[in-house]
Amino acid sequence: MSPAARSPSATISLVVSDVDGTLVTDDKILTERTQAAVAKLHAAEIAFAIISARPPRGLRLLIERLKITTPVTGFNGGLMTTPELLPLAQHLLSPAAARQTVEIIDAHGAQIWMFCGEDWLARDRAGPYLELEQHTIGYGPIIVEDFGRAFAAAAKIVAVSDDVDLLTRLEQHARAALADRATIARSQPYYLDFTHPLANKGVAIAELAKRLGIPENEIAVIGDGGNDIAMFERGGLSIAMGNAGPQVQGAADFVTDPNSQDGFAKAIERYVLRGPRSSTPCRDWTQARGYGDCP
């Protein structure tokens, strides 16, 4: 249990899950048990949504396989779309903040990726983790010499390095330099994400709750990264993965098994489906917003 002085909600109407490190294995596999767990949520009329550091375009396969009908949140909350990937809301970095972010990352010697809408921009095709990211999101980068006009359309900038200590120093410097002009969070030990101040998973939970007509205290959230703590603070029930770091686990109500051992599915079975829950969590929002019938 979390040391926070609160009791986890026993009524769950919506489950919101992180993707990488949570919903999928480290090899980016969606296991049969995970798919079955989401199907059980649908059968119990508990809504299911995903929120990720990935661009929404990189979530297309999961949307299809898991029959997701709720809004899809990418870039840690920077872009919310329909399941058909039509934009609903977005928060872009200011051009000045985007430019300064690139200058700070360059000064520390990390690689830079910039995501603008559906485009992924990079300056080095041989950079670290580029092939992994391409495998993860399902498409490759556009190689550019400089980011030019992209500063005006940046939804997320990522500092990439296999030197974890370098990223720690970079993060400390960036927080002091950018202050309240950006949200800065690790989505993976080797990725440091920069997004708009309102592009964080806590704000995204509030936006989902508003759009779906579900109280925040009836939302269960599950994740493994530092960028998931913000949504732990908003949901009525928070679950950390067993592969999460100590800080993330300490911020959650419960800790499940790692993503290599079907931790997501076990969390749904142990903490969501066994307890009391709303009798009409799916409500009429799917039809009202043109997303189709409740699964």
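Because the structure is a prediction, the values reported are computed rather than measured.

Chemist: I'd like a description of helix α9 (residues 263-272), backed by residues and values.
Modeler: The element α9 is extensively covered by neighbouring structure, given that 8 of its 10 residues are classed as buried. Residues of α9 that are buried: Gly263, Phe264, Ala265, Lys266, Ala267, Ile268, Glu269 and Val272. Of the surrounding elements, those touching the buried residues of α9 are β1 (14-17), α1 (32-43), β2 (47-50), β12 (219-223) and β13 (237-240).

Chemist: With reference to specific residues and values, describe the packing of aromatic side chains.
Modeler: For the structure on display, the rule yields 10 aromatic pairs. Aromatic pair Phe75 and Phe115: ring centres 5.9 Å apart, planes at 50 degrees, arrangement tilted. In this pair, Phe75 is assigned in the loop between β3 (72-74) and β4 (79-81) and Phe115 in strand β6 (residues 111-116), connecting sequence segments 40 residues apart. With a relative accessible area of 0%, Phe115 lands in the buried category. Relative to Tyr191, the ring of Tyr190 lies with its centre 4.7 Å away and its plane at 85 degrees, an arrangement referred to as edge-to-face. Neither residue differs from the other here; Tyr190 and Tyr191 are each classed as buried. Three or more aromatic residues joined by ring pairs make a cluster, and in this case those are Phe75, Trp113, Phe115, Trp120, Tyr129, Tyr190 and Tyr191.

Chemist: I'd like a rundown of the nonpolar core, residues and numbers included.
Modeler: If you look at the biggest cluster of nonpolar residues, it comprises 29 residues, and the most contacted ones within it are Val15, Leu23, Phe48, Ile50, Leu62, Phe264 and Val272. Those elements that provide at least two residues to this core are α1, β2, α2 (60-65), β12, β13 and α9. At 5 residues, the largest contribution of residues to this core is made by α9. Beyond its immediate chain neighbours, meaning those up to four positions away, Val15 contacts Leu41, Ile46, Ala47, Phe48, Ala49, Ala220, Ile268 and Val272. By size, the runner-up hydrophobic cluster in this structure holds 27 residues, among which are Ile104, Cys116, Leu170 and Leu192.

Rules used throughout
- Residues numbered from 1 in each chain as written.
- Predicted model: local features only at pLDDT ≥ 70, side-chain atom pairs only at ≥ 80, totals over all residues.
- Heavy atoms only, no water.
- Buried < 20%, exposed > 50% of the residue type's maximum accessible area, 1.4 Å probe, protein only.
- Helix = DSSP H or I, 4+ residues; strand = E, 2+ residues; numbered from the N terminus.
- Contact = heavy atoms within 4.5 Å.
- Phe/Tyr/Trp six-rings, centres within 6.5 Å; stacked < 30°, edge-to-face > 60°.
- Core = buried A, V, L, I, M, F, W, Y, C linked by side-chain atoms within 4.5 Å.

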